[in-house]
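Observations on chain architecture
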Amino acid sequence: MRMLITRWVVLTASLLGGGSLSGWLWARIVHAGDGGPAASALVSVSPALGLGALLAVFLIAAVFAALGSRLCTPRVGLACAGFSLVGAAWMSGSVMDLMRWAPAPDALWRLAAEGAIAAILAVVVAALVNSIGGSDRRDGADPPASAQGALGFCIALAVGAAAAWVIARETTKGQTIAAGIFAGFIGATVARVTATRSSLLAIASGVGMLAVIGPILGGVLSSADAIRAIYEGRFIPLARPMPLDWIGGMFVGLPLGLTWAASFDKRLAQPQAQPSPRPAA
């Protein structure tokens, strides 16, 4: 009972405290060229300040992730990181609003660079969670640089991309964050069920790569016609989430997927009931 109360207190604190603080910092520091809210760290009036804001919100996420991992479990720590980052993601606006003032494809290349930075920081937070809570040790996972780790990385990337493609039908913030959540959820589930010893870092790296691949695909396929492609519904779904949509959503979805995969694996491990022999006539 005490653990249950602690878990809900930590999760609520990360959502209301960490998420609100991250969102407030992002809104105060990161500004769009047209004065609106649609801006990312590197596609903003001041990329230097934007990069500082990105580091700050990841620091907040790391604090709550460490708290959740220490007081509860590693999966709670991952969720705490996600709740903290979603606050800043929600304040970053949509890619459609961003394209209205930032010229493409330059803005998409910057989003890809920002996605790479965010993905690296996400792996650092995941490594912190793993170090404090011993996630891989509990799950019996192999090191990230192993055959199982490589397989888990590739599966999480491919399945996460497919899940996000289905969810991100528009550029609205709710759908893009949901795309990140489902990418983490379904990607982690299939990766852990298929590659049972894949590590947390390998899975998080696979899903996090979508924050880089998405904008690159948008820049290659849409080039300077991005805003028109968005209005006509031709903009590739993987390019619709902003970098923090991918990473914040991923951290919310990862613990759901890991938990579901663990329960599914236990069901598979249960011996099948054998029919009792019929008595001889």
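Use the structure listed above.
An account of the accompanying structure is given in this report. All figures in this text were calculated on a predicted structure; none of them were measured in a lab.

Considerations on the pattern of salt bridges
The final tally for this structure, using the stated rule, is nine salt bridges. Across the salt bridge formed by Asp106 and Arg110, the nearest N and O atoms sit 3.4 Å from each other. Here the residue Asp106 and the residue Arg110 both occupy positions in helix H5 (residues 106-133), the gap between them amounting to four residues, near one helical turn. Overall, Asp106 belongs to the partly exposed group, its relative accessible area being 39%. Accessibility expressed as a relative area gives 36% for Arg110, which makes it partly exposed. The salt bridge partner of Lys173 is Asp245, with a shortest N-O separation of 3.0 Å. Of the two residues, Lys173 sits in helix H8 (residues 173-194) while Asp245 sits in helix H12 (residues 243-269), which places them 72 residues apart along the sequence. Like Lys173, the residue Asp245 is buried in the burial classification. Through salt bridges with shared partners, one network takes in Asp225, Arg228, Glu232 and Arg234.

Comments concerning helix H3 (residues 74-90)
Taking 1.5 Å of rise per residue, 17 residues should cover 24 Å, and H3 covers 24 Å from first to last C-alpha, within 8% of that figure. Counting buried residues along H3, 14 of its 17 residues qualify, which places the element largely inside the surrounding structure.

Quick word on the environment of Leu25
Assignment of secondary structure puts Leu25 in helix H1 (residues 2-29). It is 20 Å that separates the C-alpha atoms of Leu25 and Pro241, two residues lying 216 residues apart in sequence. When residues no more than four places from it in sequence are discounted, the contact partners of Leu25 are Ala56 and Ile60.

Comments concerning the packing of helix H7 (residues 147-167) against H8
Pairs of packed helices are described in terms of their axes, by the angle between the two and the distance that separates them. Direction vectors running N to C along H7 and H8 enclose 145°, while the axes themselves pass 7 Å from each other. As H7 runs across H8, the sense of the crossing is right-handed. Side by side, H7 and H8 meet where Gly152, Ile155, Ala156, Val159, Gly160, Ala163, Ala164 and Ile167 of the first sit next to Gln175, Ala178, Ala179, Phe182, Ala183, Ile186, Gly187, Val190, Ala191 and Thr194 of the second. Partitioning the contact of H7 with H8 into residue classes produces 13 nonpolar, five polar and no charged.

Let's talk about the environment of Gly187
Mapped onto the fold, Gly187 is located in helix H8. By relative accessible area, which is 0% here, Gly187 ends up buried. Residues Gly187 and Val207, spaced 20 residues apart in sequence, show a C-alpha to C-alpha distance of 7.0 Å. When residues no more than four places from it in sequence are discounted, the contact partners of Gly187 are Ala156, Val159, Gly160 and Phe182.

What counts and how
Residues numbered from 1 in each chain as written. Predicted model: local features only at pLDDT ≥ 70, side-chain atom pairs only at ≥ 80, totals over all residues. Heavy atoms only, no water. Salt bridge = Lys/Arg side-chain N within 4 Å of Asp/Glu carboxyl O. Helix = DSSP H or I, 4+ residues; strand = E, 2+ residues; numbered from the N terminus. Buried < 20%, exposed > 50% of the residue type's maximum accessible area, 1.4 Å probe, protein only. Expected span 1.5 Å × (residues − 1). Contact = heavy atoms within 4.5 Å. Axes fitted to C-alpha atoms, helices over the stretch in contact; angles between N-to-C directions. Left-handed = near helix turned anticlockwise from the far one by under 90°. Nonpolar A, V, L, I, M, F, W, Y, C, P; charged D, E, K, R; others polar.

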